[in-house]
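# Structural description and commentary
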Amino acid sequence: MAATMTKTGGATLADRIQALPDPYRGNAIEWLQLCTQTQMMDLEKDIDHFLETLNPSVRAKFIFQTGKLLEKAIFYFGRS
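Residues numbered from 1 in each chain as written. Predicted model: local features only at pLDDT ≥ 70, side-chain atom pairs only at ≥ 80, totals over all residues. Heavy atoms only, no water.

Turning to helix α1 (residues 9-19), a few remarks are in order. Every buried residue belonging to α1 is among G9, G10, A11, L13, A14, I17 and A19, and all of these are buried. Considering only its buried residues, α1 is in contact with α2 (24-36), α3 (43-52) and α4 (56-77). (Buried < 20%, exposed > 50% of the residue type's maximum accessible area, 1.4 Å probe, protein only. Helix = DSSP H or I, 4+ residues; strand = E, 2+ residues; numbered from the N terminus. Contact = heavy atoms within 4.5 Å.)

The following block contains the structure:
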């Protein structure tokens, strides 16, 4: 990623998940674990690790689509 970017895709997605109130935050983490087949013990680090395994075009699409989904979740379920 470019040095001028302030957040990685993993950080952005982790921030959106952390913005969700419980129980929606836990549901989002569980959903992400199922989608990625990856344990999310350290959310940002584990998301970044998963993203590194993806082809760059797939990575960009995953970040975009997942980010949009999480934004809708925040809209409907609120911020913590």
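Here the structure, examined in full by the defined rule, presents 3 aromatic pairs. The interplanar angle of 15 degrees and the centroid separation of 4.2 Å between the aromatic rings of Y24 and F77 together place this pair among those described as stacked. Taken together, the residues span a long stretch of sequence, with Y24 in helix α2 and F77 in helix α4 at a distance of 53 residues. Given the relative accessible area of 31%, Y24 is considered partly exposed. (Phe/Tyr/Trp six-rings, centres within 6.5 Å; stacked < 30°, edge-to-face > 60°.)

Let us now look at the pattern of salt bridges. Inspection of the entire model under this criterion finds 2 salt bridges. A salt bridge links R16 to E71, with the shortest nitrogen-to-oxygen separation between them at 2.9 Å. With R16 in helix α1 and E71 in helix α4, this residue pair connects regions lying 55 residues apart in the sequence. With a relative accessible area of 31%, E71 lands in the partly exposed category. Between D22 and R25 there is a salt bridge, with the nearest N and O atoms lying 3.3 Å from each other. (Salt bridge = Lys/Arg side-chain N within 4 Å of Asp/Glu carboxyl O.)

To continue, consider the packing of α1 against α3. Across the interface, α1 lies against α3 with an axial gap of 8 Å and an inter-helix angle of 135 degrees. Taken together, the axes of α1 and α3 are oblique relative to one another. Considering the relative orientation of α1 and α3, their crossing is right-handed. On α3, the residues touching G9, G10, A11, L13, A14, I17 and Q18 of α1 are L43, E44, I47, D48 and L51. (Axes fitted to C-alpha atoms, helices over the stretch in contact; angles between N-to-C directions. Parallel < 35°, antiparallel > 145°, perpendicular 65-115°, else oblique. Left-handed = near helix turned anticlockwise from the far one by under 90°.)

Our focus in this paragraph is the nonpolar core. Ranked by size, the top nonpolar core spans 18 residues in total, and within it I17, I47, L51 and F62 carry the most contacts. If one sorts the elements of this core by residue count, α4 sits on top with 5 residues. Dropping the residues within four chain positions of it, I47 is found in contact with G10, L13, A14, I17, L32 and M40. (Core = buried A, V, L, I, M, F, W, Y, C linked by side-chain atoms within 4.5 Å.)

On to a nonpolar patch on the surface. Taken together, the side chains of Y24, F75, Y76 and F77 make up a nonpolar region of the molecular surface, amounting to roughly 500 Å² of accessible area. Considering each element in turn, the nonpolar patch owes the most residues, 3 residues, to α4. If you trace the backbone, F75 turns up in helix α4. Exposure remark for F75: the relative accessible area of 66% places this residue in the exposed category. (Patch = residues over 30% accessible without salt bridge, like charges linked within 9 Å, V, L, I, M, F, W, Y side chains within 5 Å. Areas by Shrake-Rupley, 256 points an atom, 1.4 Å probe, with all protein chains shown as cover.)

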